[in-house]
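# Report on the structure
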Amino acid sequence: MSEETRRPRAPITESDILAWLETAAAAVQAGEVNAQELIDLLGEFRRASAACADASDWLLLAAREGGASLRQIAPVFGKGYVRAPAARLEKLHRQAQNSDQWLAILRHKQTA
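Now for a quick tour of the structure. Here the structure is a predicted model, which is why all the values come from computation and not from measurement. Sequence order as written defines the numbering, with residues in each chain counted from 1. The predicted origin of the model limits local features to residues at a pLDDT of at least 70 and limits the giving and counting of side-chain atom pairs to 80 or more, whereas totals for whole chains, interfaces and linings rest on all residues. Excluded from the side-chain calculation are hydrogens and water; included are all heavy atoms of the structure.

### A few points about the packing of aromatic side chains
In summary, the pairing rule links any two rings of Phe, Tyr or Trp, Trp by its six-membered ring, whose centres are within 6.5 Å, and it sorts them by plane angle into stacked for under 30 degrees, edge-to-face for over 60 and tilted for everything else. Overall, the coordinates contain one aromatic pair when judged by the stated rule. Their ring planes at 40° and their centres at 4.8 Å tell us that Trp20 and Phe45 sit as a pair that is tilted. Here the residue Trp20 occupies a position in helix H2 (residues 14–29), and Phe45 occupies one in helix H3 (residues 35–65), the gap between them amounting to 25 residues. The partly exposed category is assigned to Trp20, whose relative accessible area is 35%. Burial here depends on accessible area, computed with a 1.4 Å probe over protein chains only, as a share of the maximum for the residue type. Under 20% is buried, over 50% is exposed, and the range in between is partly exposed. Judged by its relative accessible area of 33%, Phe45 falls in the partly exposed class. A run of H or I in DSSP counts as a helix once it spans at least four residues, and a run of E counts as a strand once it spans at least two, with each numbered from the N terminus.

Here you go:
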């Protein structure tokens, strides 16, 4: 098995979201979706967004554990400075010291 086939992939991408959004917008413009359905979708997206943020936090912790420097991570945060990932790590470390602990917290949240 090659290294490329073993690499985990994001379950959803920016282009997936945009494609879905274009389809949904067309349905809304055609009057095929009512306000309550939009509110229900909004709730689903808010929960999915929170789950993506949790996954992002896990990846940040795992990258640091894997030896990534804050300077390497900083561009992913959209800044050339290390303050953003450093501040996020500091906040995360108040709850979990490593990615395994963070995953355990997420599992607990899921079952609670």
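### Re helix H6 (residues 99–111)
A helix is expected to span 1.5 Å for every residue after the first. Given a rise of 1.5 Å per residue, 13 residues ought to cover 18 Å, and the 19 Å separating the end C-alpha atoms of H6 matches this to within 8%. Of the residues making up H6, those classed as buried are Ser99, Trp102 and Leu106. For H6, the arc enclosing every buried residue in end-on projection is 60°, short of the 170-degree limit, so these residues lie on one face. Turned more than 90 degrees off the buried face of H6, the exposed positions are Asp100, Arg107, His108 and Thr111. Note on contacts: a residue pair qualifies if any of its non-hydrogen atoms lie within 4.5 Å across the two residues. Those residues of H6 that are buried lie in contact with H3 and helix H5 (83–93). Where H6 begins, the capping side chain belongs to Asn98, and its oxygen is found 3.0 Å from the backbone nitrogen of Asp100. What the arc covers is the set of directions going from the helix axis to the C-beta atoms. Any pair of N or O atoms that falls within 3.5 Å is considered a polar contact. Within protein, one atom must be able to donate a hydrogen and the other to accept it, and sequence-neighbouring residues count only if both atoms are side-chain atoms.

### Details of the environment of Gly66
With respect to the helices and strands, the residue Gly66 is situated in the loop between H3 and helix H4 (70–73). Judged by its relative accessible area of 70%, Gly66 is exposed. Along the backbone, Gly66 and Tyr81 are 15 residues apart, and their C-alpha atoms lie at a distance of 20 Å.

### Details of the nonpolar core
Generally speaking, a soluble globular protein has its nonpolar side chains buried in company with each other. Formed by Leu60, Leu61, Ala68, Ile73, Leu89, Leu92, Ala96, Trp102 and Leu106, the largest nonpolar core amounts to nine residues. Looking at this core, the elements that each hand over two or more residues are H3, H5 and H6. Joining through side-chain atoms within 4.5 Å is the link that ties buried Ala, Val, Leu, Ile, Met, Phe, Trp, Tyr and Cys residues into a set, and such a set is a nonpolar core.

### As for the packing of H3 against H6
The axes are straight lines fitted to the C-alpha atoms, using for helices just the contacting stretch, and the angles between their N-to-C directions are given from 0 to 180°. The N-to-C vectors of H3 and H6 enclose an angle of 160°; their axes lie 9 Å apart at closest approach. When the interaxial angle is binned, H3 and H6 end up roughly antiparallel. In this structure, H3 crosses over H6, and the sense of that crossing is left-handed. Facing Asp54, Asp57, Trp58, Leu61, Ala62 and Glu65 of H3, the residues of H6 in contact are Ser99, Trp102, Leu103, Leu106 and Lys109. Tallied by class, the residues present in the contact of H3 with H6 amount to six nonpolar, one polar and four charged. By definition in this entry, angles of less than 35 degrees are roughly parallel, angles greater than 145 are roughly antiparallel, angles of 65 to 115 are roughly perpendicular, and the rest are oblique. Crossings are assigned a handedness: left-handed for a near helix turned anticlockwise from the far helix by less than a right angle, right-handed for a clockwise turn. All amino acids are sorted into three groups, where Ala, Val, Leu, Ile, Met, Phe, Trp, Tyr, Cys and Pro are nonpolar, Asp, Glu, Lys and Arg are charged, and the leftover types, Gly among them, are polar.

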